[in-house]
Amino acid sequence: MSQPDQATRSRPAERASSDPLSSDAGRISVSQSVVSKIAGVACREISGVHDMGTTGGRTVGAIRERIPGSSGPSVSQGVGVEVGETQAAIDLDIVVEYGISIAELGRSIQRNVKQTVERMTGLEVTEVNINVDDVYLPDEGQETPPRVS
């Protein structure tokens, strides 16, 4: 019986450094819904994001919020994710407040979402794509509703 050479043996230290979700004790998996919630909260933390979701999604969300016993607004509204074993890709649909630089806002969102998801899940975020679906224009004379939080 021959011994496997050093290159083909799995070393615990090497596996741990290359994949933070796998160890000799087992494997950690993170569901898409978990990544969606984290990304949604991280996006909403950035000043200038008024709301999230496409026009149709926001309408359905508003109706859902009015139903007695509903859980309230979904933090993952406007978030799409693809999660693999070690990587995730995230798509965000947002509504920006009028007067905000969309390019700067987008970069801030990308940075915050990427850092937060990677820190909390151990997944590598390969991309954060942002689709600006609308611009919020406050009506003069009306009190501006609070930002999404």
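Here the residue numbers are simple positions, counted from 1 along each chain's written sequence. Per-residue local features of the predicted model are confined to residues with pLDDT of at least 70, and side-chain atom pairs are confined, for both listing and counting, to 80 or more; whole-chain, interface and lining totals are unaffected and use all residues. Excluded from the side-chain calculation are hydrogens and water; included are all heavy atoms of the structure.

As used in this record, nonpolar core signifies buried Ala, Val, Leu, Ile, Met, Phe, Trp, Tyr and Cys residues forming a set joined through side-chain atoms within 4.5 Å. Partly exposed residues are those whose accessible area sits between 20% and 50% of the maximum for their type, while under 20% is buried and over 50% is exposed, using a 1.4 Å probe and protein chains only. Of all hydrophobic cores here, the largest spans 24 residues; its most connected members are Ile-90, Leu-92, Ile-109 and Val-113. Secondary structure elements follow DSSP: runs of H or I no shorter than four residues count as helices, runs of E no shorter than two count as strands, and numbering proceeds from the N terminus. Of all the secondary-structure elements, those providing two or more residues to this core are α2 (32-44), β3 (49-52), β4 (79-83), β5 (87-97), α4 (102-121) and β6 (124-136). By the convention used here, residues are in contact when the closest approach between their heavy atoms is within 4.5 Å. When neighbours within four sequence positions are excluded, Leu-92 is seen to be in contact with Cys-43, Met-52, Gly-78, Val-79, Ile-109, Val-113, Val-128, Asn-129, Ile-130 and Asn-131.

Let us now look at α2. Expected span, for any helix, means 1.5 Å times one less than how many residues it has. Along its 13 residues, α2 runs 18 Å from first to last C-alpha, staying within 8% of the 18 Å computed at 1.5 Å per residue. Buried within α2 are the following residues: Val-35, Ser-36, Ile-38, Ala-39, Gly-40, Ala-42, Cys-43 and Arg-44. Where α2 is buried, its residues touch β3, β4, β5 and α4.

This part is about the pairing of β4. Pairing geometry for β4 and β5, over five bridges, is antiparallel. Each residue of the ladder has a partner; that of Val-83, found in β5, is Ala-88. Two strands form a pair only when DSSP identifies at least two bridges running between them. With antiparallel pairing between neighbouring strands as the criterion, β4 and β5 make up a hairpin whose turn holds three residues.

Right, let's talk about the packing of α2 against α4 for a bit. Lines fitted to C-alpha atoms define the axes, with helix axes restricted to the stretch in contact, and inter-axis angles between N-to-C directions lie between 0 and 180 degrees. Where α2 contacts α4, the two axes come as close as 9 Å, and the packing angle between them is 140°. Accordingly, the angle class assigned to the pair α2 and α4 is oblique. Of the two possible hands of crossing, α2 and α4 adopt the one that is right-handed. Packed against α2, whose contacting residues are Val-35, Ile-38, Ala-39, Ala-42 and Cys-43, the element α4 presents Ile-109, Asn-112, Val-113, Thr-116, Val-117, Met-120 and Thr-121 at the interface. Any residue that is not Ala, Val, Leu, Ile, Met, Phe, Trp, Tyr, Cys, Pro, Asp, Glu, Lys or Arg is counted as polar, Gly included; the first ten are nonpolar and the last four charged. Looking at the contact of α2 with α4, its residues break down into nine nonpolar, three polar and no charged. For classification purposes, an angle smaller than 35 degrees is called roughly parallel, one larger than 145 roughly antiparallel, one from 65 to 115 roughly perpendicular, and anything else oblique. In this scheme the crossing of two helices becomes right-handed for a clockwise turn of the near helix relative to the far one and left-handed for an anticlockwise turn of less than a right angle.

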